[in-house]
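# Structural description and commentary
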Amino acid sequence: MSVRHDACILAGGMARRLGGQDKPGLHVGGRPLVERVAAAVPDARRLIVVGSPRPGLPGAVFLRERPPGAGPVPALRAGMTAVTAPWVALLAADLPFLTAGHVSALFAAAKGAAGAVLLDEEDRQQWLAGVWRTAELTRALDGYEGRSLHGLLGPLGPVGLRLPGKPWFDCDTPDDLLRAGDGEPDAAENADKAVDEERAMNVLEEWTELVCRELGVDPARVDRDAVLDLTKEVAHGVARPAAPLTAYLLGLAQGAGTAGDDTLKRLIELAQEWERKTGD
């Protein structure tokens, strides 16, 4: 669906969770985030950026909210002063997976409504990933004294749209930037797994130290990776409940002094032998 529209990208904010970095200027896939978002609205008659001027966006209109960093509603007010088209795409500057196809789908969905916004994977409305009738948005701003985009835009009753490719994903934290990877959604999913695995290992390390202190055990004596290998082999080759039981019995044997240096290795071999025997 082709409609006459401008695009308003909110590129201010303090980026506190990113240590105050210039978030719109951070690179994903070799390109600043704000430029990636601008590329998703190639048909906009006017590109309005509320934030610092960017050399990579020639022809854009740059404005600032007053005072700078006052929040998204003041930023939107500033941006709307330059909107002249009957429709406007209202976007955050940190949407690495947003494409022109997503924006076109939003305009198509908004037909007959005041606007349309993307829904994330939990069906939450993403207020800075949507399109709006300029007249409706202007009227809402004129009578609004709050600071919340939800309070401003929710009463307009926009259409909610779920689309593939995680177009709603934004970059608020270092982990988000890691997930953004090279700007492809598949890379984000792989990065999600890597981040989750790293967090799990950090938790495991902290828990191991805590338990060792509680039991009076020197953490240096605990071969954590070997114990994890044992429980994995037992869970896979014998039965899942057998894994913690085996680790407990190993601990009893070590406490009793009946476990030798090769006991753990031997238990892993027993689990593998069990799997081969019962799998035949």
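Quick summary incoming for the structure in this document.

Glancing now at the pairing of strand β8 (residues 125–133). Two strands pair when backbone bridges link them, and strand β6 (residues 87–92) and β8 are joined in this way by 5 bridges, in the antiparallel orientation. Each bridged residue has a counterpart across the sheet, and for L91 the counterpart in β8 is A129. As defined by bridge partners, strand β7 (residues 115–119) adjoins β8 across 5 bridges and the pair is classed as antiparallel. Note on β8: the bridge partner recorded for G115 is W132. Where β7 hands over to β8, the hairpin turn is made up of 5 residues, of which D123 adopts a positive phi near 65 degrees.

Taken in spatial order, the 7 strands make up an open sheet running β5-β4-β1-β6-β8-β7-β9, and their pairing is mixed. Sheet topology places β5 (61–63) and β9 (159–161) at the edges, where each strand pairs with a single neighbour. On average, each strand axis in the sheet is inclined to that of its neighbour by 20 degrees, with strand direction left out of account. Bridge count for β7 against β9 is 3 bridges, and the pairing is parallel. Bridge pairing in β9 places L118 opposite L161. Strand contacts of helix α3 (residues 100–109): β1 (5–10), β6, β7, β8 and β9, with the helix running at about 60 degrees to β8, the strand carrying the most contacts. Along the sheet, helix α4 (residues 134–142) contacts β6 and β8; its crossing angle with β8, the most-contacted strand, is approximately 115 degrees.

The next thing to look at is the environment of I9. Mapped onto the elements, I9 comes out in strand β1. Among the residues examined, I9 registers a relative accessible area of 0% and is labelled buried. Contacts of I9, omitting those with residues within four sequence positions, involve V34, V37, A38, L47, I48, V49, V50, L91, A92 and A93.

Soluble globular proteins tend to bury their nonpolar side chains together. Residues V41, L47, L98 and V131 are the most contacted members of the largest nonpolar core, which totals 40 residues. Counting residues per element, the ones that place at least two in this core are β1, α1 (33–39), β4 (47–50), β6, α3, β7 and β8. Leave out the neighbours within four places in its chain, and L47 touches A7, I9, A38, V41, L57, A60 and V61. In this structure, V73, A82, V117 and W132 belong to the second largest nonpolar core, which totals 25 residues.

What follows concerns helix α9 (residues 242–256). Each α-helix winds once per 3.6 residues, and so residues spaced three or four apart point in a common direction. Look at α9: 21 Å from first C-alpha to last across 15 residues, which is about the 21 Å you get at 1.5 Å a residue. Phi turns positive one or two residues past the end of α9, at G257, with a value near 80 degrees.

Another aspect to go through is the packing of aromatic side chains. Summed over all chains, the structure comprises 3 aromatic pairs. Ring centres of F97 and F169 lie 5.4 Å apart, and the angle between their planes is 35 degrees; this geometry places the pair in the tilted category. Taken together, the residues F97 in the loop between β6 and α3 and F169 in the loop between β9 and α6 (174–180) connect sequence positions 72 residues apart. Given the relative accessible area of 8%, F169 is considered buried. Where W168 meets F169, the ring centres are 6.4 Å apart and the plane angle is 55 degrees; that geometry is what we call tilted. By relative accessible area, W168 is classed as buried at 13%. Over the ring of W274 we find K277; its NZ or CZ atom is 5.0 Å from the centre of that ring.

On to a nonpolar patch on the surface, then. A surface patch of nonpolar side chains, amounting to about 420 Å² of accessible area, comprises L245, Y248, L249 and L252. With respect to the helices and strands, Y248 occurs in helix α9. A relative accessible area of 54% places Y248 in the exposed class.

The N-to-C vectors of helix α2 (residues 72–80) and α4 enclose an angle of 130 degrees; their axes lie 11 Å apart at closest approach. Between α2 and α4, the angle falls in the class oblique. For the element pair α2 and α4, the recorded crossing hand is left-handed. Together, V73, L76, R77 and M80 of α2 and T134, L137, T138 and L141 of α4 make up the contact between the two elements. Per-class residue counts for the contact of α2 with α4 are 5 nonpolar, 2 polar and 1 charged.

Cut-offs and rules
Residues numbered from 1 in each chain as written. Predicted model: local features only at pLDDT ≥ 70, side-chain atom pairs only at ≥ 80, totals over all residues. Heavy atoms only, no water. Pairing = 2+ DSSP bridges. Helix = DSSP H or I, 4+ residues; strand = E, 2+ residues; numbered from the N terminus. Axes fitted to C-alpha atoms, helices over the stretch in contact; angles between N-to-C directions. Contact = heavy atoms within 4.5 Å. Buried < 20%, exposed > 50% of the residue type's maximum accessible area, 1.4 Å probe, protein only. Core = buried A, V, L, I, M, F, W, Y, C linked by side-chain atoms within 4.5 Å. Expected span 1.5 Å × (residues − 1). Phe/Tyr/Trp six-rings, centres within 6.5 Å; stacked < 30°, edge-to-face > 60°. Lys NZ or Arg CZ within 6 Å of the ring centre and 35° of its normal. Patch = residues over 30% accessible without salt bridge, like charges linked within 9 Å, V, L, I, M, F, W, Y side chains within 5 Å. Areas by Shrake-Rupley, 256 points an atom, 1.4 Å probe, with all protein chains shown as cover. Salt bridge = Lys/Arg side-chain N within 4 Å of Asp/Glu carboxyl O. Parallel < 35°, antiparallel > 145°, perpendicular 65-115°, else oblique. Left-handed = near helix turned anticlockwise from the far one by under 90°. Nonpolar A, V, L, I, M, F, W, Y, C, P; charged D, E, K, R; others polar.

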